[in-house]
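Topology and contacts: notes
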Amino acid sequence: MASSLDVLAACLSSGMTVAGAASAAAWSAPQPLAEVLSRAADLLAMGADPARAWADPTSDHVAIAALVRLARRSAASGTALAQGVIELAEQARHDAADAATGASERASVLIAGPLGLCYLPAFLCLGIVPVVVGLAGDVLTSGVL
């Protein structure tokens, strides 16, 4: 997602039209983003209103919804779309890193249970039980009890 947004930002920064940049970025984008970019590029190339071209009620992805809002706001107010897309790419990259970190931390917690179930009985049988049996044998043969 982030690399596709980087492509879109690079195209916009180089001076391409929004329709041309969206069309160029759609080729390398993941499926949900590619659909939004292709639809917007086609509608903008035909001369549709930018608010209509960037309307995407079906997307539930946060980055795509943010891109659609940014593009609609940029078309209405004239702000630079490229800088906003760069910031969205950075945010998408940050979110992906957070998700990967969370997944690795969950995996390390989930693997501790099976390892404990495997190693704890072995530790008890091979480490603790021989020591207790040896001490109990010494105590019982010495006549202390």
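Look up: the structure comes first, before these words.
Residues numbered from 1 in each chain as written. Predicted model: local features only at pLDDT ≥ 70, side-chain atom pairs only at ≥ 80, totals over all residues. Heavy atoms only, no water.

Turning our eyes to something else, we now look at the side chain of Ser 4. With respect to the secondary-structure elements, Ser 4 resides in helix 1 (residues 2–13). Beyond its immediate sequence surroundings of up to four residues, Ser 4 is in contact with Ala 25, Ser 28, Ala 29, Pro 30 and Leu 33. (Helix = DSSP H or I, 4+ residues; strand = E, 2+ residues; numbered from the N terminus. Contact = heavy atoms within 4.5 Å.)

Here the focus is helix 6 (residues 81–142). Along its 62 residues, helix 6 runs 88 Å from first to last C-alpha, staying within 8% of the 92 Å computed at 1.5 Å per residue. Along its length, helix 6 shows its largest kink, about 35°, at Ile 128, and proline Pro 130 lies within four residues downstream of that point. Among all positions of helix 6, only Leu 81, Ala 82, Gly 84, Val 85, Leu 88, Ala 89, Ala 92 and Gly 102 are buried. (Expected span 1.5 Å × (residues − 1). Bend = angle between axes of the 7 residues up to and from the residue. Buried < 20%, exposed > 50% of the residue type's maximum accessible area, 1.4 Å probe, protein only.)

So, about the environment of Val 7. Mapped onto the fold, Val 7 is located in helix 1. Between the alpha carbons of Val 7 and Thr 17 there is a distance of 13 Å; along the sequence they are 10 residues apart. Excluding residues within four positions of it along the chain, Val 7 makes contact with Ala 25 and Ser 28.

With that out of the way, let us pick up the pattern of salt bridges. If you walk through the whole model with that rule in mind, you get one salt bridge. Here Arg 93 makes a salt bridge to Asp 6, at a shortest N to O gap of 2.2 Å. Placement of the pair is Arg 93 in helix 6 and Asp 6 in helix 1, with a sequence separation of 87 residues. When its relative accessible area of 31% is taken as the criterion, Asp 6 is described as partly exposed. (Salt bridge = Lys/Arg side-chain N within 4 Å of Asp/Glu carboxyl O.)

Another aspect to go through is a nonpolar patch on the surface. Taken together, Leu 120, Phe 123, Leu 124, Ile 128 and Val 132 make up a surface patch of nonpolar side chains, about 450 Å² in accessible area. Within the secondary structure, Val 132 is located in helix 6. Of the residues examined, Val 132 reaches a relative accessible area of 48% and is grouped as partly exposed. (Patch = residues over 30% accessible without salt bridge, like charges linked within 9 Å, V, L, I, M, F, W, Y side chains within 5 Å. Areas by Shrake-Rupley, 256 points an atom, 1.4 Å probe, with all protein chains shown as cover.)

Soluble globular proteins: nonpolar side chains tend toward being buried together. Among the nonpolar cores identified, the biggest contains 34 residues, and Leu 5, Leu 8, Leu 37, Trp 54, Leu 67 and Val 85 are the most heavily contacted of them. For this core, the secondary-structure elements that each account for two or more residues are helix 1, helix 2 (18–26), helix 3 (31–45), helix 5 (62–77) and helix 6. With eight residues, helix 3 is the largest single contributor of residues to this core. Each residue touching Leu 5, except ones within four places of it in the same chain, is listed here: Leu 33, Leu 67, Val 85, Leu 88, Ala 89 and Ala 92. (Core = buried A, V, L, I, M, F, W, Y, C linked by side-chain atoms within 4.5 Å.)

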